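Residue-level structural notes
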Amino acid sequence: MKTICETYLTPMSHSELLEACRKIRHVALDMDGTIYLGSELFPFTKDFLRLLDENGITYSFLTNNPTKSIPSYIRKLRGMGIEAKPENMYTTAVATIDYLHARMPGVRRIFVVGTPDMKAEFQQAGFELTAPSADDMPQALVVAFDTTLDYNRLCHASWLASQGIPYIATNPDRVCPTNLRTVLVDCGSLCACIEHAVSRRPDIVIGKPNPDMLSGIRFRLGLRPDEIAMCGDRIYTDVAMAANAGALGVLVLSGETTLETAINSDPQPPVTAKNILEFGKLLVEARSAEIR
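Residues numbered from 1 in each chain as written. Predicted model: local features only at pLDDT ≥ 70, side-chain atom pairs only at ≥ 80, totals over all residues. Heavy atoms only, no water.

A word on the overall build of the protein chain. When you go through the protein chain residue by residue, the secondary structure sums to 11 helices and 17 strands. Here the C-alpha radius of gyration of the protein chain, 20 Å, is about what a compact globule of 292 residues would show, namely 19 Å. If you line up the protein chain on its principal axes, its C-alpha atoms span 70 × 35 × 35 Å. Evaluated residue by residue, the protein chain yields a buried proportion of 51% over its 292 residues. Of all intrachain contacts in the protein chain linking residues separated by at least 6 positions in sequence, the fraction that spans at least 24 positions is 69%. A total accessible area of about 12900 Å² is found for the protein chain, and carbon and sulfur atoms account for 52% of it. Here the protein chain holds 29 positive side-chain charges and 34 negative ones, and the gap between their average locations is 3 Å. (Helix = DSSP H or I, 4+ residues; strand = E, 2+ residues; numbered from the N terminus. Rg over C-alpha atoms; globule rule 2.2 N^0.38 Å. Buried < 20%, exposed > 50% of the residue type's maximum accessible area, 1.4 Å probe, protein only. Contact = heavy atoms within 4.5 Å. Areas by Shrake-Rupley, 256 points an atom, 1.4 Å probe, with all protein chains shown as cover. Lys, Arg positive; Asp, Glu negative; His and termini not counted. Charge placed at Lys NZ, Arg CZ, Asp CG, Glu CD.)

See the structure below:
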């Protein structure tokens, strides 16, 4: 890995990196660990978004965290001083709904391990949520990050998985980043629990690194994959999705991943930055070099 400066690391030469950054017209942003941590906005986030606006680079928010609905996320961001529109946001709950509508149009009755916010989104999308009872059999099982997790519902989800019905996970994350002195067990860990209990993995995992999370943005904005940068704090979701989608993967060290982990990663992230603002400065440098 070549060091560019104290705030950038990349396996590319500086000229190769500037060429890759010069193409970027849109930045897809992970949320927790990237623009905020838990309930605290990072001090550099607003400056980064302002920098993108000033340079005509659009952005959107993508999160593997389905615990909040899009209106709830918009309220959370507004409370932090960031204005966002529904069309600028995409969660794994919405992506799962899109997947069910597109790939499994006959499915209407589902059992969901998820928060009340997430369950409400599925109901608003036309799905009927079944009860944790063997007498109320669903057509599919959906397991998500659930901060309201009930043991009986986890047991019922495990039983449903053992029955062979379609089994969908919203995201692969093992833990959710937090500024609290605890570990927030995420969807990937719940699925590992189910797998250990009944020896079955999800049929599909919807969220990052699944490249479909970027497809909507790419087609809606008419962009090539190499015109999109995906910024996030995880190699195995954010950077991996960028690689799967042909976009520029940018790892930031403001969340889960440490510098040591980034350095020892194989393959190396195309860009590792201290935080999103440092990557934003790199975008500006690339554009300035083009003008000269």
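Read on for the rest.
Attention now moves to the nonpolar core. Among the nonpolar cores identified, the biggest contains 73 residues, and Val27, Leu29, Phe61, Leu248 and Phe279 are the most heavily contacted of them. In contact with leucine 29, other than residues within four places in its own chain, are Thr34, Ile35, Phe48, Leu49, Tyr59, Ser60, Phe61, Leu62, Met230, Cys231 and Ile276. Core analysis: the next-biggest nonpolar cluster, separate from the first, contains 17 residues, Val113, Leu154, Ala161 and Ala169 among them. (Core = buried A, V, L, I, M, F, W, Y, C linked by side-chain atoms within 4.5 Å.)

Quick look at the pairing of strand S6 (residues 58–63) now. Buried residues dominate S6, accounting for 5 of its 6 residues. Across 4 bridges, the pairing between strand S3 (residues 26–29) and S6 is parallel. Across the sheet, residue valine 27 finds its bridge partner in S6, namely tyrosine 59. As paired strands, S6 and strand S7 (residues 89–91) are joined by 3 bridges and run parallel to one another. Its bridge partner being in S7, threonine 63 is matched across the sheet by threonine 91. After leaving S6, the chain enters helix H3 (residues 70–79) and then returns to the sheet as S7, a path that is right-handed. (Pairing = 2+ DSSP bridges. Right-handed = clockwise from strand over helix to strand, strands pointing away.)

Attention now moves to the side chain of serine 265. With respect to the secondary-structure elements, serine 265 resides in the loop between helix H10 (259–263) and strand S17 (271–273). From its side chain, serine 265 meets the backbone oxygen of proline 267 in a polar contact 2.8 Å long. (Polar contact = N/O pair within 3.5 Å; in protein donor to acceptor, adjacent residues only side chain to side chain.)

Another point: the packing of aromatic side chains. Counting across every chain of the model gives 3 aromatic pairs. When the ring of tyrosine 59 is compared with that of phenylalanine 61, the centres are 5.8 Å apart and the planes differ by 70°; the resulting orientation is edge-to-face. Owing to a relative accessible area of 17%, tyrosine 59 belongs among the buried residues under this scheme. Just above the ring of tyrosine 236 sits the side chain of arginine 174; from NZ or CZ to the centre is 4.2 Å. In this arrangement the basic side chain of arginine 218 is found over the ring face of phenylalanine 219, its NZ or CZ atom lying 4.4 Å from the centre. (Phe/Tyr/Trp six-rings, centres within 6.5 Å; stacked < 30°, edge-to-face > 60°. Lys NZ or Arg CZ within 6 Å of the ring centre and 35° of its normal.)

Evaluated as defined, the whole model comprises 16 salt bridges. The residue glutamate 19 makes a salt bridge to arginine 22 at a minimum N-O spacing of 2.6 Å. Taken together, the residues span about one helical turn, with glutamate 19 and arginine 22 both in helix H1 (residues 14–22) at a distance of 3 residues. With relative accessibility at 36%, the residue glutamate 19 sits in the partly exposed group. Under the relative-accessibility criterion, arginine 22 is labelled partly exposed at 22%. The residue aspartate 47 makes a salt bridge to arginine 50 at a minimum N-O spacing of 2.6 Å. Here arginine 50 and aspartate 47 lie together in helix H2 (residues 45–54), a separation of 3 residues that amounts to about one turn. Judged by relative accessible area, which is 36%, aspartate 47 ranks as partly exposed. Taken together, the shared-partner salt bridges connect Lys23, Arg25, Arg224, Asp226 and Glu227 into one network. (Salt bridge = Lys/Arg side-chain N within 4 Å of Asp/Glu carboxyl O.)

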